[in-house]
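One letter stands for each residue in the lines below.
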Amino acid sequence: MLYDDFYIKSLIQTVEDWPKEGISFRDITPIFSDPKGLRMVVDAYIHRYIATDISHIACIDARGFLIASILAYELQKPLILVRKKGKLPGATISQKYALEYGEAELEIQEGAVSEGDQVLLFDDLIATGGTLCAAISLLKSQGANIKEVAAIIDLPDLKGSQIISDLEIPVYSLCAFEGE
Ligand code: AMP
């Protein structure tokens, strides 16, 4: 094993009842203040993807950007930013998705991906999978193929990783937490 999931989990801080009551927020900030942990996380993905045919890395606003931009640099791949509505200038393509209360919208810039691109899609955490599924729809609508979804943390009880697997997209995460 190239990484120690127990060590990585020890760097994820659980903040109860944040940002609202009942949520156990899994905070990845301590990974970035631990150089060994950051290296372990980044290297795990680099070893997994260095010999694959991924052509692009896409990542989700905003915590997804942090690791994915290092991967894009190390793997020498173009980085696609999937952002919350209103953040990207110029012509964009957008996709709405449901939140627990209300809805949200993600966007990519027109031309960010093209037919046949082989995309690794990255976010920090998979919960219900709503965010990643919206990003998958956006990228697929432009003809891209999603080679794999990668995250640091999976919350399998919320079924997002299962929903993505059911779309026949492989899912890879470095660690998992039970419950919400
Ligand atoms: P979902 O769309 O339900 O899979 O939620 C995933 C997105 O929301 C990711 O971008 C996460 O950063 C964020 N998120 C959802 N639940 C949590 C949680 N318990 N702790 C930290 N981030 C979360």
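Residues numbered from 1 in each chain as written. Predicted model: local features only at pLDDT ≥ 70, side-chain atom pairs only at ≥ 80, totals over all residues. Heavy atoms only, no water.

Asker: Got a minute to help me understand the pairing of strand 7 (residues 118-126) in this structure?
Answerer: Working note: regular strand, side chains alternate between the two faces of the sheet. Most of strand 7 sits inside the fold, with 8 of its 9 residues counted as buried. Pairing of strand 3 (residues 56-60) with strand 7, which is carried by 4 bridges, proceeds in the parallel orientation. Residue pairing in the sheet places Cys59 in a bridge with Phe122 of strand 7. Pairing of strand 7 with strand 8 (residues 145-154) involves 8 bridges; the strand directions are parallel. Its bridge partner lying in strand 8, Leu125 is registered against Ile153. (Buried < 20%, exposed > 50% of the residue type's maximum accessible area, 1.4 Å probe, protein only. Helix = DSSP H or I, 4+ residues; strand = E, 2+ residues; numbered from the N terminus. Pairing = 2+ DSSP bridges.)

Asker: Before we go on, may I ask you to explain the pattern of salt bridges in this structure?
Answerer: A pair can form between side chains of opposite charge whenever their charged atoms are brought close. Applying the stated criterion to the full structure yields 7 salt bridges. Between Asp124 and Arg63 there is a salt bridge, and its shortest N-O distance comes to 2.8 Å. Here Asp124, found in strand 7, pairs with Arg63, found in helix 4 (residues 63-75); they are 61 residues apart in sequence, far enough to count as distant. Judged by relative accessible area, which is 5%, Asp124 ranks as buried. In this structure, Glu107 engages Lys85 in a salt bridge whose closest nitrogen and oxygen atoms are separated by 3.7 Å. With Glu107 in strand 6 (residues 103-109) and Lys85 in the loop between strand 4 (79-84) and strand 5 (92-98), this residue pair connects regions lying 22 residues apart in the sequence. (Salt bridge = Lys/Arg side-chain N within 4 Å of Asp/Glu carboxyl O.)

Asker: How should the site of the ligand be read in this particular structure?
Answerer: The immediate surroundings of the ligand are formed by 13 residues, with Arg63, Asp123, Thr128, Gly129 and Thr131 found nearest. Between Arg63 and the ligand, the recorded distance is 2.7 Å, taken from a side-chain N or O atom to an oxygen atom. Protein chains bury 82% of the 490 Å² of accessible surface belonging to the ligand in isolation. Put simply, the parts of the chain that give the shell around the ligand at least two residues each are strand 2 (24-27), strand 7 and helix 5 (130-141). (Near = heavy atom within 4 Å. Polar contact = N/O pair within 3.5 Å; in protein donor to acceptor, adjacent residues only side chain to side chain. Areas by Shrake-Rupley, 256 points an atom, 1.4 Å probe, with all protein chains shown as cover.)

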